Structures are given as C-alpha cells and as structure tokens.
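# Analysis of the macromolecular model
Spelled out from the first residue to the last, the chains are:
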Amino acid sequence: MKIRHFAAAVLAATVSFGAHAQQLVPSPTLDAIKARGHLECGVHLGLPGFSFANDKGEWAGIDVDYCRALAAAILGDSTKVKYTPTSVQQRWPILQSGQVDLLSRNTTITFSRNASLGVNFQGINFYEGQTFIVRKKAGITKPDQMDGATICVAAGSTEEKQATDWFAERKKKVTIVNFQKNDDAIAAYDAERCDAYTAGFGALAGQRIKLKSPDDNVILTELISNDPQGPTTRYGDERFQAVVRWVLNGLIAAENLGVTSKNVDEMKAKSTNAEIRRLLGVEGGFGKMLGLSDDWMYNAIKQVGNYGESYERTVGMSSSLKLPRGPNQLWTKGGLLFTPPFQ
Amino acid sequence: MDEGRPALHAALPISRATAILRRFLYDARVRDWLAQLAVAGAIFLLLWFFVENASENMVKAGIASGFDFLWRTSGIDVPFRLFEYGPQDRNIDLLYVGIANTVLVSVLAMVFATVLGFAVGVARLSRNWLLSTFAGIYVEFVRNIPLLLFVFFWYFGVVRALPPPRASLDLGGIFFLNNRGLSIPTPEHAGPFGYVLAAFVLGFAAFLALRLWGAGRQAATGRPFPVVPAGLALVVALPGLAALAAGLSTPWNVPVLTGFNFRGGFALIPEFVALLFALVTYTAGFVAEIVRGGILAVSRGQTEAAASLGLRPGQILRLVVIPQAMRVMVPPMTSQYLNVLKNSSFGAAIAFPEIVSVFMGSALNNTGQAIEIIAIVLGIYLAVGLVVSAFMNWYNARIALVTR
C-alpha cells in the first residue's frame, strides 16, 4: 500500500516536474483521493445544522458543506464525498487509522488533542461556546442557578470535563450523567432524567429541534467556555493539510471579498481585484502550487457558496436553527472570522 | 566395490548418531513437545510483531502511549460510586470505581437471575397448566429478544414511569422515589453496624450447629427438627434486632428536597436499577432452561424410588432431584454467569458508570490512549471472569458424584 502510494507520488511529482518545472512534496492523501475519485469525510452521527442526513439520505449542514467544498476543490465535484458518521468515541480511531481523510464534525480544538492524539486542527469554521438547555418550567436563566441539578452529557466530550470544572470552581454540586452518544443523552434529558443537557449553543440549537416539544425548552445565553471547531486531519502529509486549511480560508476570504456562488462567474471574468483574481485562479497559479487545478476555489465557491452563504443556509436565519452570526461573523463586521491573505 | 568399503566404515559412527537423533525425533512425546514449542513460539512472535508494529506506528502518527495517564487527574465525575471519588482524583481511581460498579451489578444480577431462573424453570415443569404455560411464554419471549432492547425497555420504562423530584413518591418521609432514583437515608456513623454483621455471623454459626444437632437427632430418634424456621429466626431476626438497635443509636442523614433534587442520604440511580432488572430478567430465561434441562436429566426412576420410600413431592424435589440435577446444571450455569459479567457492559448504553462507560468512554476520550485502555479493560474482564470460573469449578468439583 505504502509503496504504491509512494510510487504514485513519485510518478505524480515527476509528471508535474516535467509540466511545470515545479516539484511538489508527495501527498499520499491527495493522490489517494484522486485515485479513488471521492473524498472520505468523517461527520457527526446526526446534528441538524452541522451534519445531518435527511430522509433521502442526503447530508447537509455547515460541516458537511465544508466537505463538499473540499471535494469541489480537489476533484472538481462537490458531490464526490463519502460521509462516515462518527460518534464522540469513534472519531479519533477512525481518523488516526486512515479510514477517513479528515474529520469535519463539531470537534473542539484543544491542546491535549493536538499534542497527544496525533491530530492537527486546520482552522475554525464555527466558534462554538458551551451552554445548557433547560426546561422553561424550571425557571433557570443563568448556569450558576443550577446548584444541585442533574446534567446529561456525552461521555468523553469536552463539555463533560468543562461542566465538571466550571461547577467545581464555583463550589456548586451537580450530578453529571454521561451517555455514550449525544442522542442518548438528549433522549434522557427529554425523558426528564436530567434537569439540563449541555453542549455548544450551536449544537443545542440543532438538537432542540429533535425534542418532543422544542418550545418548552430554552437555551441559556451565558456561555461557560469557548469551543472553536474546525476540520481536523492526522499528523503527516503537510500538503494535504495545507489544502484543507486553505480551502477553509478561501471560503471565508470569498465572503470578505464579496464573491458568492451567484456572482463567481462574473467575478472570474471581470474582477480587477488582484486577490479575487488569485483566489479564483485567474492569475498566480495558486491551485497548481498545491497540486490542484487552478480553478479549485472557483469550483468550491460555485458549487457550495462562500462561508456566509453556507452559514445562512445551514445554521443561520434561512435554516430551522435561526442562529445569528455572533462570533461567526467577519472581523470587519464585529465577528472573529478572518483569513491570512491570498498572496 | 572394494574402494567403497572404507568410506562406509568411516560413515558408521555418523549413521549411529543419526539413528539416535532419528529415534529421538520419532519419539511421540518429543514430537509433541517440539510441536507445542513451535506453536507457542509462533504465537509469541506474532504478538511481539503486533506490539512492535503498533508502538512503531503510534510514534509515527504522533499518538501518545504508555501508562502515565493512569496517575493523571481524571476530571470526570461519576454519579454512582461505592466509595469516595471525585473529578480531582486520578484516572486509576476512576478505573477502580468502574470495576466496583461492574462487579456490583454483575454479582447482584447473578444472584437474582439464579433465583428467578430457578423459579421459572421449576414452574415450567409444573403440572399446573397455567403456571407452566406462563413460564414457557416467558422463556421464549426473553430468549428471542436482544439484550440491548431489554436495557432500553427497562431504562426508559423505569425513568418515564417515575415522577420528577418535586412530585416524588414519598415512602414514609424517609425514602423518596423519583426519576432521579431512589433516595435512601444513610447513617452518620457506620460503627454500630459492625454489630449487625457480628450478629449475622453468630446467627449463621448457631444455625449450622442446630442443623447438625437436628440431623443427629433425626438419625437417632426419627423425629425431624424444624430446622428451617429456627434457622430463619437465627439468621434474620438476630441481625434484624441488632440493626434496629444500631439504627436507633446513630443519627440518620435523611434525604431532603432542596432546589432541583434530594440532598443527603444515598441515591440508587435509575440506570443501576434498569441495568440490574434487564440483566436479571434476561438471564433468568436462560437459567430457567438450564434448570429444566437439569431436572429432566434426572432419571424418572429416582423420583419413583423416592416416592416409594414415602417422601413427599417437595422433599423429592429438594432431597433427590435437585442435588442430582445440579451436576448437569453447574457447567452451563458458569457460562451464564460469565455472560452476565460481559453483558453488564450494556450499562454503557444507558449511562450506568460501569467500566466500559467510565474507562473506555470518558477516560479513553480524554486521554486518547485507546490501546492501553482497551487492554486494561480486557484484562479486567478476563481476571474477573477467571475468578467466577474458578469458583464455579470448585463448586462443581464439590457437588460432583463421589466415585469410589
């Protein structure tokens, strides 16, 4: 397997050397994706707004959109993605063992994961923050009113530890009940086994839809942590990691530059802005530098849309989650999103 | 021809050595040894290759390895534990909590499943049509449904059926039943309860002595002594009185509704109850069949012979049939007990903090050390399983037919 990859990489490198007089670092992952003709993307088991399969088996969500954009950039076709639903526990072994090319599934970026799991985080596609969902009749408005409460969580999530730490620091006693799957935890909350369920506000907005009567539940606005999330790759294969990172940057840059799926053809043909021209592959040959075609970001934006379009469609105002942009807004508009320049 | 002779002579000592070697190699015992050595060596090499390969690949992939994580702070809270433990304790303490919970639920399930299974198994052989039909339906129902469904059925059945804390079922003002569990009062001091244990041991010893004396009297005079009621009085009433005295002498920590839930006392969580009920009802179906098979394996002649000696049906069952049936029942019962131990891992599905849930769930995700953690959990199941097997083998040897 390895020898074949290596041979393929050498071959690819030699060909590109001949064609462009530019030698690329071998990237077994990119070669494997191109050889098999589809991207293997690890997503959430089912979280509306982020990654959720509808009744026709079609995946949708902001994390799924990222996978589609990556497939469009690498293969030129956003539909060429195979989604692997992963639980909180399964996600690391599935990524580490190479069953998926990357994870794009509500995974919080933490130090210890980066340092000891052999995974790299390639940027932030959603600034999540942990909070609680409670029943309206309980009359809770702030997390520190929850002394004595029972809280359902998914075992092994960052939320489990964070909630424990947060209440311990404030000398409040809570009972944490940890389930193997988010869905079991939320079902137990719905059955009134717990007073609250904790997760990020975005995940809670998605999960609230699945409750028996969503309107009887309220998501607290005070956040007890910040949980930035983004696409995750395993160690090694820096060129693939760069592709993953820059496709995400490209989607955010496109919003900042005003490039949308609707005007991308016009922009490509007429724009005089140098950064837009480099982004869309009109000049600079950026795609080739990564071993992709030069219209990599054109394909991604054309087929999936820029970050803002994707946000509105999946978790924003035109979705059932109705999340405001909040921190997930461009830095020029008061949010936290920015990208390094396409230079 | 002549030239060849000296060479043949020179070769003779070698061929003698070969002959010895050949005899050695053709020895069946030696061959067995060599074959076993080769297989053991191959297995060792294979394992060595796996370990070496895994550790090399983990280093390459940048994944942490080793057992240092056991001594790091766990940061995980557990809602149900038999001893003091908190999130500031180490991962190894979390492991102990998991082991204790696994063993607790397994042992209780083994005991109750045996009792229920015995009852159902005997009921299925009953001449009462209604009783045997119901027992038959129960067995078929239980054996043909996956355990996971049982666990969910009991869990959501138990939780959904119970009221929230504010509307708790109040049992005498000291026990409270709600969907957070059963809150029971606990004594402030455990000291006086040592006497309860002492009373139990004393009562049990007296019961054994009484039984011996009763058997002796029956053998001598033919008059039976009511050992069972006298024994019950000794084993139950004596510790009961001691418990009452101990309970009155110490203050109690009675659960009180404050805020969201009851504080104080001990809460028996619904996850525990649901898992225990699921394991008991499920395993009892299999135990019932083993009991039925064991009883049917005892020849009918035994029952008839016992009846002709004048024993009553209850006595026949207790003194003649069951002791013989036990010999057939014990080996398959061992398998069932081991199944109970392994099936207790279904607790992970409903958040009962047993070893798979707390260690392979929470701890694994916090440390990411999958290989070490899974190896530890495998080792623990193996160790507990071997202890159960050893006990059952000892029991099996004890009740085996004594041959002379």
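Residues numbered from 1 in each chain as written. Chains lettered and ligands numbered in written order. Predicted model: local features only at pLDDT ≥ 70, side-chain atom pairs only at ≥ 80, totals over all residues.

### Observations concerning the environment of Val236(B)
All names here are of chain B. Test applied: Per the convention used, a helix needs a DSSP run of H or I reaching at least four residues, while a strand needs a run of E reaching at least two, with both numbered from the N terminus. Any residue surrounded by 20 or more other C-beta atoms within 10 Å of its C-beta is treated as buried, while 12 or fewer makes it exposed and the intermediate range makes it partly exposed; C-beta atoms here are placed from the backbone.
Of note, Val 236 is situated in helix α7 (residues 227-249). Taking the C-beta count within 10 Å as the criterion, Val 236 has 12 such neighbours and is therefore assigned exposed. Spatially, the C-alpha atom of Val 236 lies 7.6 Å from that of Phe 200, the residues being 36 residues apart in sequence.

### Regarding the packing of helix α9 (residues 238-257) of chain A against helix α13 (residues 296-304) of chain A
All names here are of chain A. Threshold: Between the N-to-C directions of two axes lies an angle of 0 to 180 degrees, each axis being a line fitted to C-alpha atoms and, for a helix, fitted only over the stretch in contact. When an angle is under 35 degrees it counts as roughly parallel; over 145 it counts as roughly antiparallel; between 65 and 115 it counts as roughly perpendicular; any other value is oblique. With the far helix as reference, a near helix turned anticlockwise by less than a right angle produces a left-handed crossing, and one turned clockwise produces a right-handed crossing. A pair of residues counts as a contact when their C-beta atoms, built from backbone coordinates, are separated by no more than 7 Å. Each residue gets one label: Ala, Val, Leu, Ile, Met, Phe, Trp, Tyr, Cys and Pro are nonpolar, Asp, Glu, Lys and Arg are charged, and the others, such as Gly, are polar.
One can describe the packing of α9 onto α13 by two numbers: an axis separation of 10 Å at closest approach and a directional angle of 60°. Classified by the angle their axes make, α9 and α13 are oblique. The crossing of α9 and α13 is right-handed. Two secondary-structure elements touch here, α9 through Val 247, Gly 250, Leu 251 and Ala 254 and α13 through Met 297, Ala 300 and Ile 301. Here the contact of α9 with α13 is composed, by residue class, of six nonpolar, one polar and no charged.

### A short note on the domain arrangement of chain A
Where the parts come together, the accessible area they lose is often given as the size of the interface. All names here are of chain A. Where we set the bar: An automatic or database domain assignment is the source of the domain bounds shown.
If you check the domain split of chain A, you get domain 1 (24-125 + 230-333) and domain 2 (129-227). The straight-line distance from the C-alpha centre of domain 1 to that of domain 2 is 29 Å. Grouping the amino acids of the side of domain 1 that touches domain 2 by side-chain chemistry returns eight nonpolar, seven polar and no charged.

### Concerning the domain arrangement of chain B
With domains assigned, chain B is organised as domain 1 (4-61) and domain 2 (91-148 + 274-399). Inter-centroid distance (C-alpha atoms) of domain 1 of chain B to domain 2 of chain B is 45 Å.

### As for the confidence of the model for chain B
For clarity, the cut-off: Values of pLDDT, the confidence the predictor places in each residue, fall between 0 and 100.
Taken as a whole, chain B shows an average pLDDT of 86; of its residues, 96% reach a score of 70 or greater. We note a pTM of 0.78 for the whole complex and an ipTM of 0.74 for its interfaces.

### Notes on the nonpolar core
Definition in use: As used here, a nonpolar core is made of buried Ala, Val, Leu, Ile, Met, Phe, Trp, Tyr and Cys residues. They are joined through C-beta atoms within 7 Å.
Within the largest apolar cluster, 159 residues are counted, with the highest numbers of intra-cluster contacts made by Ala73(A), Leu275(B) and Phe359(B). Counting residues per element, this core draws most heavily on helix α8 (residues 270-296) of chain B, at 15 residues. Here Leu275(B) is in contact with Val105(B), Val151(B), Ser344(B), Phe346(B), Gly347(B), Ile350(B) and Phe352(B), once residues within four sequence places are set aside.

### Topic: the interface of chain A and chain B
Taken together, the contacts link 33 residues of chain A with 32 residues of chain B. Among the elements of the structure, α4 (91-96), α6 (158-169), β9 (175-179) and α7 (182-190) of chain A are those that each provide at least two residues to the side of chain A that touches chain B. The class makeup of the residues in the side of chain A that touches chain B is 13 nonpolar, 11 polar and nine charged.

### Side note on unusual backbone geometry
Residues and elements named next belong to chain A. Positive phi, close to 65°, is recorded for Glu 192, a residue that is not glycine. Structurally, the position occupied by Glu 192 is in the loop between α7 and β10 (196-200). The backbone of Asp 237 sits at a positive phi, close to 55°, despite the residue not being glycine. Mapped onto the elements of the fold, Asp 237 is located in the loop between β13 (232-234) and α9.

### Some remarks on α7(B)
Residues and elements named next belong to chain B. The condition that has to hold: Expected helix span is computed as 1.5 Å times (number of residues minus one).
Across its 23 residues, α7 extends 33 Å between first and last C-alpha, which sits within 8% of the 33 Å expected from 1.5 Å per residue. Among the residues of α7, Leu 234, Pro 239, Ala 242 and Ala 246 are the ones counted as buried. Among the structural elements, α6 (194-221) are those in contact with the buried residues of α7.

### Overview of the sheet that holds strand β3 (residues 181-184) of chain B
Residues and elements named next belong to chain B. Selection rule: Note on pairing: two strands pair once DSSP finds at least 2 bridges between them.
Pairing is antiparallel in the open sheet, where four strands are placed in the order β1-β2-β3-β8. On the outer flanks of this sheet lie β1 (169-171) and β8 (266-268), each paired with one strand and no other. The sheet shows a mean angle of 20° between the axes of neighbouring strands, taken without regard to direction.

### A short note on the pairing of strand β8 (residues 150-154) of chain A
All names here are of chain A. Condition: Here a crossover is taken to be right-handed if, once the strands point away from the viewer, the path from the first strand over the helix to the second is traced clockwise.
Counted residue by residue, β8 has five buried out of five residues, so it is predominantly covered. Burial along β8 is two-sided: the residues Thr 150, Cys 152 and Ala 154 and Ile 151 and Val 153 are all buried. Relative to β9, β8 is paired through five bridges, and the arrangement is parallel. The partner of Thr 150 across the bridge, within β9, is Thr 175. For the handedness criterion, the β-α-β arrangement of β8, α6 and β9 is classed as right-handed. Strand direction decides the pairing type here: β8 and β10, joined by two bridges, are parallel. The residue of β10 that forms the bridge with Cys 152 is Tyr 197.

### Remarks on the packing of helix α3 (residues 62-75) of chain A against α13(A)
All names here are of chain A. As a packed pair, α3 and α13 sit with axes 7 Å apart at the nearest point and diverge in direction by 140°. With respect to α13, the axis of α3 lies oblique. Considering the relative orientation of α3 and α13, their crossing is right-handed. On α13, the residues that touch Asp 65, Arg 68, Ala 69, Ala 72 and Ala 73 of α3 are Trp 296, Met 297, Asn 299, Ala 300, Gln 303 and Val 304. Looking at side-chain class alone, the contact of α3 with α13 contains seven nonpolar, two polar and two charged residues.

### Things to note about α9(A)
Residues and elements named next belong to chain A. Over its 20 residues, α9 extends 27 Å from the first C-alpha to the last, a length consistent with the 28 Å expected when each residue adds 1.5 Å. Of all 20 residues in α9, 15 are buried; the element is thus mostly enclosed. Gly 258 sits one or two residues past α9 and shows a positive phi near 80°.

### Considering the pairing of β3(B)
All names here are of chain B. As paired strands, strand β2 (residues 175-178) and β3 are joined by three bridges and run antiparallel to one another. When the sheet's bridge partners are listed, Leu 177 is paired in β3 with Leu 182. Between β2 and β3, which pair antiparallel and follow one another directly, the connecting turn spans two residues. Where β3 and β8 come together, three bridges link them in antiparallel fashion. Residue Ile 184 lies in a different strand from β8, and its bridge partner there is Phe 266.

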